[in-house]
Amino acid sequence: KQEVTQIPAALSVPEGENLVLNCSFTDSAIYNLQWFRQDPGKGLTSLLLIQSSQREQTSGRLNASLDKSSGRSTLYIAASQPGDSATYLCAATQGGSEKLVFGKGTKLTVNP
Amino acid sequence: DAGITQSPRYKITETGRQVTLMCHQTWSHSYMFWYRQDLGHGLRLIYYSAAADITDKGEVPDGYVVSRSKTENFPLTLESATRSQTSVYFCASRTSGKYNEQFFGPGTRLTVL
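Keep in mind that this is a model prediction, so the values were computed, not measured. (Residues numbered from 1 in each chain as written. Chains lettered and ligands numbered in written order. Predicted model: local features only at pLDDT ≥ 70, side-chain atom pairs only at ≥ 80, totals over all residues. Heavy atoms only, no water.)

1. Comments concerning the sheet that holds strand E8 (residues 72-77) of chain A
All names here are of chain A.
For step 1, the next point in the chain: The five strands are arranged E1-E3-E8-E7-E6 in an open sheet whose pairing can be described as antiparallel. Strands with a single pairing partner mark the edges of an open sheet, and in this sheet they are strand E1 (4-5) and strand E6 (56-59).
For step 2, the next point in the chain: Sheet topology note: the strand E3 (residues 19-25)/E8 ladder contains six bridges and is antiparallel. Of the residues in E8, the one forming a bridge with Asn22 is Thr74. (Pairing = 2+ DSSP bridges. Helix = DSSP H or I, 4+ residues; strand = E, 2+ residues; numbered from the N terminus.)

If you want it as structure tokens, here you go:
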């Protein structure tokens, strides 16, 4: 059974800092790995999707990487801003399944 | 507007009552999903549908019923609500093709008294 873990559960950084959020998964037979952002009381916004054949994806100040052999994905946020404060969730689509398995998220606070 | 909408956004009901949460998407995505989000458990899949009239159970289906008579709608019914079903419910959709992104609705906050 796939398990997705995100550590730390919470992270606080000063504005302008570059930071990395971590995601690990137990079964490397995944179709893709998707990163989401969730603001308090809101739904999930898709940030980046990395297919199993890809190593990384970039969108603006965000860069997500995928290493299937080690069961890890990272989300790199450059030059963080207070508006980046949110909970970031990663989810893996298990091979042979239509289902996304979610981590419990990392709550990011960027302090002005 | 295009996208996924959920209704109601907030609902308070009593134990034993039937409640239906609505989900509507305008993209004609073939796949639709229902999740619940709870502190300590994260997001868990309740049911999903690959197409109209095709549904399947997720991780936590007990106490829930779904139907999908039209591609764009995927209602979730709690036949006899229990307090343990107090949660935030999210609907999601994606196109067919296992590599495609999943998109989420704004959620319904349900409280069962």
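Picking up where we left off.
2. Thoughts on unusual backbone geometry
For step 1, the next point in the chain: Following Ile7(A), the chain continues to Pro8(A) via a peptide bond in cis, the omega torsion being 5°.
For step 2, the next point in the chain: On the secondary structure map, Pro8(A) appears in the loop between E1 and strand E2 (10-14).
For step 3, the next point in the chain: Along the chain, Ser7(B) connects to Pro8(B) via a cis peptide bond; the corresponding omega equals -10°.
For step 4, the next point in the chain: As for its placement among the helices and strands, Pro8(B) is situated in the loop between strand E1 (4-7) and strand E2 (10-13).
For step 5, the next point in the chain: Residue Ala79(A) is not a glycine yet carries a positive backbone phi of 45°.

3. Re the interface of chain A and chain B
For step 1, the next point in the chain: Each partner contributes to the interface: chain A provides 21 residues, whereas chain B provides 24 residues.
For step 2, the next point in the chain: Between chain A and chain B, a total of about 1,800 Å² is buried, with carbon and sulfur atoms accounting for 55% of that surface.
For step 3, the next point in the chain: Linking chain A with chain B are zero salt bridges.
For step 4, the next point in the chain: In this assembly, chain A and chain B are joined by four residue pairs in polar contact (both at pLDDT 80 or more).
For step 5, the next point in the chain: Among the secondary structure elements, those contributing two or more residues to the side of chain A that touches chain B are strand E4 (30-38), strand E5 (44-51), strand E9 (86-94) and strand E10 (100-102) of chain A.
For step 6, the next point in the chain: Considering every element that reaches the side of chain A that touches chain B, the biggest residue donor is E4(A), with five residues.
For step 7, the next point in the chain: Residues that form the side of chain A that touches chain B fall into these classes: seven nonpolar, nine polar and five charged. (Contact = heavy atoms within 4.5 Å. Buried area = accessible area lost by both parts, 1.4 Å probe. Salt bridge = Lys/Arg side-chain N within 4 Å of Asp/Glu carboxyl O. Polar contact = N/O pair within 3.5 Å; in protein donor to acceptor, adjacent residues only side chain to side chain. Nonpolar A, V, L, I, M, F, W, Y, C, P; charged D, E, K, R; others polar.)

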